[in-house]
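Listed below are the residues making up each chain.
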Amino acid sequence: MKGPAVIAKNLKLLFRSRETAFTIVFGPLLIILLVSAAYTGGDTDTQLHVGAYSPEYTALADDIISALNEKGYRVSVFANESMCTDMIKTGQVHTCVLFPSDFSIKEDESQVVRFAVDYSRINLVYEIIDGLSQEFQVQSTSITEELTSDVLQRLALAQEEVHDQLATGEGLETKLDLVQSEMAESRSSLGSVDVNVSFADLKDIRGRVTGLSGMITEIKAESIDAIEAAEATLRDARSEVENETRDSVDDTMDLLENATATILDIADDAPTAVTEVNYIIDDAADAMEKVQERFGQLVSASEEVDDRLATSKGEIDTALSELTTLRGKLQHVDRSLQEVLGFQASSVAAPITTRIEPVTSEDSNLTFTYPYVLMLVIMFLGLMLSSSLIVMDKTSNAAFRNFTTATRDEYHILFSFITTFFILLGQTLIILLVSYFFVKAPLFNNFAVSLVVIFFAITLFSFLGMIIGYVAGTQEAAMISSLSLGSVLLFVSNLVLPLEAMNQVVSILSSYNPYVVLSELLKQSMLFNLRLVDTGGRIGLLVLTILILFGLIIAVQRSFKSKFFQRRSKDLAANAFAPRARKIKPLSLMHHEVKDLFDLLEVLDHMTRADFEQVIAGGKNPIAAWVRLEVGEKGLARRMDTRSKERMILALDKYIKRRSKRLQKKK
Amino acid sequence: MARAAVFEVKAVSKSFGDNHVLKNISITIEKGEVIGIIGSSGSGKTTLLNLLVGFLPPDRGTVNFVQYTKGQPQIFNVLKKPLIVNRSYGFAAQTPSFYEKLTVRENLEYFGKMYDLGTKALRANVDILLKLMGLKASQYVTARDLSGGMKRRLDIACAMVHNPGVLILDEPTADLDPVLRNQIWEIVKRINMRGTTVVLSSHHLNELDTLCNRIAILKDAELVDIDTPDKLKLKYTKVQEILIESYPGSYEKIIPKLKGKNITSISQEGTYLTIRTQEPERNIKEVLTLLERGGEQLLDIKLNKPNLDDVFVKVYTKKREEK
């Protein structure tokens, strides 16, 4: 069976090399452990840092800020909008809530709250937007409820007023009915008065008087005409006396005769007419008496009506007063309803609306992720290349000579780093150039700062790789370690999941993750034109880290060099690292020299009880002490620390048997 | 006349854990000499060489380097000024130390630069070394393609590229065949002839015999002795061995007659008569006379003088016997 033998050999080789054992077995476990720790217990809400700015901090703005605070968001208030958005660019704030001026509930218009967000935080931005939108939705809904409740309240009030005024109306109706009834009765009272006086006789008198007058007038006129005609005839007769005097006089005589007849007729009729007039005047006097009588009735009715009218006036006055009140109430209802009618449906339904405003003009996901990806490439290249170079150098035959030349170790470290640095820089620039044409991202916008960040990245990751290189024993171990470290740095970064979603402790620690710091700086440089002066303490932190790493490199290099010379000594290989057999000082027990546990078992077995008691008489148990101090078996010594010989033998026997079994299994 | 010291090892002890590798060792390396350090595996040879140039710090004692400036010696601890010490010696370890993927010349030039040699001096040194080491024809060959002997020579060349005053060779002929070993020893001789002090350790004790001015013997972490090879041989192995082969080989008649004549032992081993004696010249004469008288025809006669192997065996056996 060769297969199992090969597998067994391979496993032995792997596990007997500390580095490989660690990286193969514990490396993945460590990664899983770290990543699990990072992603366990994450709570997005509590980690978000929200900036807020309002031209005027109105009560509503303050309410919303308080509500966000209560919801677990860390809210910072800024003095102006640009300060807040700058903080987004530096990653210190996740979003800015920008309130409009005079931010308050308005029934006639919706309030627009703007969220400034960084879309380059692809894995976080939507979470932020969703979270805050939800918060604002809650606020908006609350305000909608308030507004609706207000409308309903106004309507209820109007309804109540109208209801109340209905009673007033009914009262008015009663009153008017009463007035109406009074009026009817008044009318009836007046109606019952007979005001019909017969004036026919009077008319007749008038007719007759008129006729008489007419007759007189006619007589007068006839007389005058007759006279005038006579005069005319006479004048004509004077002129025409010769021709026609006879005819004319005849005619005039006729006329005068007619006039005289007429006057005589009238005169004959005049006494009759006067008599009739006297009759008529009598009739009129009768009629006047009746009228007087009727007037008396009318006065009585009028008094009655006057009373009724007085009553009605009172009623009408009351009704008028009530009508004034009713009018006032109805005007109030009208105003309330007018106000309700002034509400915009949209402002009631959504009193606060939100608008997302990106802080960068870039809108391509590729552009957003590019800095992270570039930094990822630099990280893995840096870790692997530098560790590989160091391992290659230190495991080469030339290592010994390098250590023994008149060149300081720091020179070797420095120039190994410079080698890595220039290779990586070249690779990075090639990547940037190629990307410039294919990605179409603003890679060279703020190139000076980006280049500084890239310098720091190459330096830092090269140093980390160099440490791995000096610690790892083989090229494979270095590669696996580099990949493991890179993976850990990657997992505990913003690229996979936002840091804010991680466990709080890990999240805080991860903010010092060089990959996080550098990728954020590169992103801010490329997308937000970050200036070096605005990097805050991050550049200082990086410089400090690099110095610490350089110190570590020197330390591990010296440690490696020291071990290197020790290992090279054949003397050491032969002797120094060989485990030395422990020399056990024999135990003198009742004239027997006990050299090992087997001897002890035998001696104890043959020992009499009296002898045993003598051995342990002093209070101390010399046998247990010997097992502990000389044999080095503390557990067995504890079990043998007894005053019973049988128990001691039992413990020893058990131990020996167990050890024998183990040895057999090993064989 | 005592030579000027280059390294002074004073009462140095070194342990690794409970394992005492060197105990109270004191040696002075003299300028221009070839000193060999011999001892069994694990006797502390490599540790001593490492301590000598400050690769390892001693637990006790000091190792001083003596630098001569205008003839005036300046003594300082090797651990205090490692860069000066590193310039003063070249070290060729058991495993050749150079870059396998660089050519012979590239290796020499690289290590020369590590000693801050100027371009001209470096080029001159490299050319001289290539010639000295017989590597001129292979100067553009990648080191990994060299033969074992050439690799060893390149390693020594790398150790010599900065013209050190002291060349330290740790088992320079290990794993080499006799021809290659001889080549190396020849080169060492030539280097020494240029005035370079050579400190070396080797298992091939007899080869050190003619090469070394002095031999230091290490055993069980202690310096057993240090002296010239001849004095060591005299000190530890006075008995020499005479081997005689004759025909018909009836040695039983001769053996009784030789007993008591200052002969340590006499025995027949195959067709040879082996005589161990402290007076070989006298005994050879007596044996030849007896053979002639006994009608024996002499076929072969050898005189095995004591060598460093014998010294070595004697030292180790003596110790064991003492134990």
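Residues numbered from 1 in each chain as written. Chains lettered and ligands numbered in written order. Predicted model: local features only at pLDDT ≥ 70, side-chain atom pairs only at ≥ 80, totals over all residues. Heavy atoms only, no water.

Peer 1: Explain the nonpolar core residue by residue, including any values.
Peer 2: Ranked by size, the top nonpolar core spans 89 residues in total, and within it A:Phe461 and B:Phe7 carry the most contacts. Residues in contact with A:Phe461, not counting those within four places in the same chain, are A:Met375, A:Ile378, A:Met379, A:Gly382, A:Leu383, A:Ser386, A:Leu489, A:Pro514, A:Tyr515 and A:Leu518. Counting residues in each nonpolar core, the second largest holds 52 residues, with B:Ala157, B:Val161, B:Leu167 and B:Ile191 among its members. (Core = buried A, V, L, I, M, F, W, Y, C linked by side-chain atoms within 4.5 Å. Buried < 20%, exposed > 50% of the residue type's maximum accessible area, 1.4 Å probe, protein only. Contact = heavy atoms within 4.5 Å.)

Peer 1: Any details on helix H8 (residues 229-236) of chain B? Residues and values, ideally.
Peer 2: Residues and elements named next belong to chain B. Three or more residues of H8 are buried, namely Pro229, Leu232, Lys233 and Tyr236. All buried residues of H8 fall inside an arc of 100 degrees around its axis, so they share one side. In H8, the exposed residues that point more than 90 degrees away from the buried face are Asp230 and Leu234. (Helix = DSSP H or I, 4+ residues; strand = E, 2+ residues; numbered from the N terminus. Arc of directions from axis to C-beta.)

Peer 1: Pulling in residues and values, what's your account of the interface of chain A and chain B?
Peer 2: Taken residue by residue, the interface counts 27 residues in chain A and 35 residues in chain B. Around 2,600 Å² of area is buried between chain A and chain B when both sides are counted, 53% of it from carbon and sulfur atoms. Put simply, chain A and chain B have 1 salt bridge between them. A salt bridge links A:Arg401 to B:Asp155, with the shortest nitrogen-to-oxygen separation between them at 2.6 Å. Of all elements in the fold, only helix H11 (398-404), helix H17 (538-568) and helix H18 (570-576) of chain A reach the threshold of two or more residues within the side of chain A that touches chain B. Top element by residues in the side of chain A that touches chain B is H11(A). It accounts for 7 residues. Here the residues of the side of chain A that touches chain B sort into 9 nonpolar, 11 polar and 7 charged. (Buried area = accessible area lost by both parts, 1.4 Å probe. Salt bridge = Lys/Arg side-chain N within 4 Å of Asp/Glu carboxyl O. Nonpolar A, V, L, I, M, F, W, Y, C, P; charged D, E, K, R; others polar.)

Peer 1: Any chance you could break down the packing of helix H13 (residues 447-471) of chain A against helix H14 (residues 475-491) of chain A for me, citing the residues and the numbers?
Peer 2: Residues and elements named next belong to chain A. Orientation of H13 relative to H14, taken along the N-to-C sense of each, is 135 degrees, at an axis distance of 9 Å. Here H13 lies oblique to H14, going by the angle between them. Crossing angle aside, the handedness with which H13 passes H14 is right-handed. Residues Phe461, Leu464 and Ile468 of H13 lie in contact with H14, whose contacting residues are Ala478, Ser481, Ser482, Leu485 and Leu489. Partitioning the contact of H13 with H14 into residue classes produces 6 nonpolar, 2 polar and no charged. (Axes fitted to C-alpha atoms, helices over the stretch in contact; angles between N-to-C directions. Parallel < 35°, antiparallel > 145°, perpendicular 65-115°, else oblique. Left-handed = near helix turned anticlockwise from the far one by under 90°.)

Peer 1: Could you give an account of the state of the cysteines, with specific residues and numbers?
Peer 2: Residue and element names in this part refer to chain A. As enumerated under the stated definition, the model contains 1 disulfide over all chains in all. A sulfur-sulfur distance of 1.9 Å marks the disulfide that ties Cys84 to Cys96. Between Cys84 and Cys96 the sulfur-sulfur dihedral comes to about -110 degrees; the bridge is accordingly left-handed. Pair noted here: Cys84 is in helix H5 (residues 81-89) and Cys96 is in strand S3 (residues 95-98), with a separation of 12 residues, a long-range link. Accessibility classification places Cys84 together with Cys96 in one group, the buried group. (Disulfide = S-S within 2.5 Å.)

Peer 1: Go over the pairing of strand S12 (residues 263-269) of chain B with me, naming the residues and quoting the values.
Peer 2: In summary, the side chains of a regular strand alternate between the two faces of the sheet. Residues and elements named next belong to chain B. Relative to strand S13 (residues 272-277), S12 runs antiparallel, the two being bridged by 6 bridges. When the sheet's bridge partners are listed, Glu269 is paired in S13 with Tyr272. Count of turn residues in the S12/S13 antiparallel hairpin: 2 residues, of which Gly270 carries a positive phi of about 70 degrees. (Pairing = 2+ DSSP bridges.)

Peer 1: Describe the pattern of salt bridges, with residues and values.
Peer 2: A full pass over the atoms with the stated rule returns 28 salt bridges over all chains. A salt bridge links B:Glu171 to B:Lys45, with the nearest nitrogen and oxygen atoms 4.0 Å apart. Here the residue B:Glu171 occupies a position in the loop between strand S7 (166-170) and helix H6 (178-193), and B:Lys45 occupies one in helix H1 (residues 45-52), the gap between them amounting to 126 residues. Of the charged contacts, one joins B:Arg105 and B:Asp127 as a salt bridge, the two residues approaching to 2.5 Å between their closest N and O atoms. Within this pair, whereas B:Arg105 is found in helix H3 (residues 104-114), its partner B:Asp127 is found in helix H4 (residues 119-132), the two being separated by 22 residues in sequence. The exposure class of B:Asp127 is partly exposed, given its relative accessible area of 28%. By sharing partners, the salt bridges in this structure join A:Glu185, A:Glu304 and A:Arg308 into a single network.

Peer 1: Explain the confidence of the model for chain A to me, using residue names and the numbers behind them.
Peer 2: Residue and element names in this part refer to chain A. Confidence in the prediction of chain A, expressed as mean pLDDT, is 77, and 80% of residues score 70 or more. Mean pLDDT across the elements of chain A bottoms out in H18 (44) and peaks in H13 (91). In the predicted structure, residues 570-581 sits below a pLDDT of 50 and forms 25 contacts with residues beyond four places in sequence or in another chain. (pLDDT = per-residue confidence, 0-100.)

Peer 1: Report on unusual backbone geometry, specifying residues and quantitative values.
Peer 2: Residue and element names in this part refer to chain B. The amide bond that connects Tyr247 to the next residue, Pro248, takes the cis arrangement and shows omega of 10 degrees. One can find Pro248 in the loop between strand S11 (240-247) and helix H9 (255-258). The residue Glu171 is not glycine, and still its phi comes out positive at about 50 degrees. Judged by its relative accessible area of 4%, Glu171 falls in the buried class. Unusually for a residue other than glycine, Asp220 sits at a positive phi of about 45 degrees. Here Asp220 lies in the loop between strand S9 (214-219) and strand S10 (222-227). By relative accessible area, Asp220 is classed as partly exposed at 43%.

Peer 1: Pulling in residues and values, what's your account of helix H5 (residues 148-160) of chain B?
Peer 2: Between the first and last C-alpha of H5(B) there are 18 Å, a value that for 13 residues agrees with the 18 Å anticipated at 1.5 Å per step. Burial of H5(B) is extensive: 11 of the 13 residues sit out of reach of the surface. Taken together, the buried positions of H5(B) are occupied by B:Gly149, B:Met150, B:Arg152, B:Arg153, B:Leu154, B:Asp155, B:Ile156, B:Ala157, B:Cys158, B:Ala159 and B:Met160. Looking at the buried residues of H5(B), the elements they touch are H11 of chain A together with strand S6 (89-92), H3, H4, S7 and H6 of chain B. (Expected span 1.5 Å × (residues − 1).)

Peer 1: Before we move on, could you go through the sheet that holds strand S2 (residues 19-30) of chain B and cite the residues and values that matter?
Peer 2: Residue and element names in this part refer to chain B. Read across the sheet, 4 strands follow the order S2-S1-S4-S5 without closing on themselves; strand pairing throughout is antiparallel. Sheet topology places S2 and strand S5 (72-77) at the edges, where each strand pairs with a single neighbour. Taking each pair of neighbouring strands and ignoring which way they run, the sheet shows an average axis angle of 20 degrees. Bridge count between strand S4 (residues 60-69) and S5: 6 bridges; the pairing is antiparallel. Of the residues in S5, the one forming a bridge with Tyr68 is Pro73.

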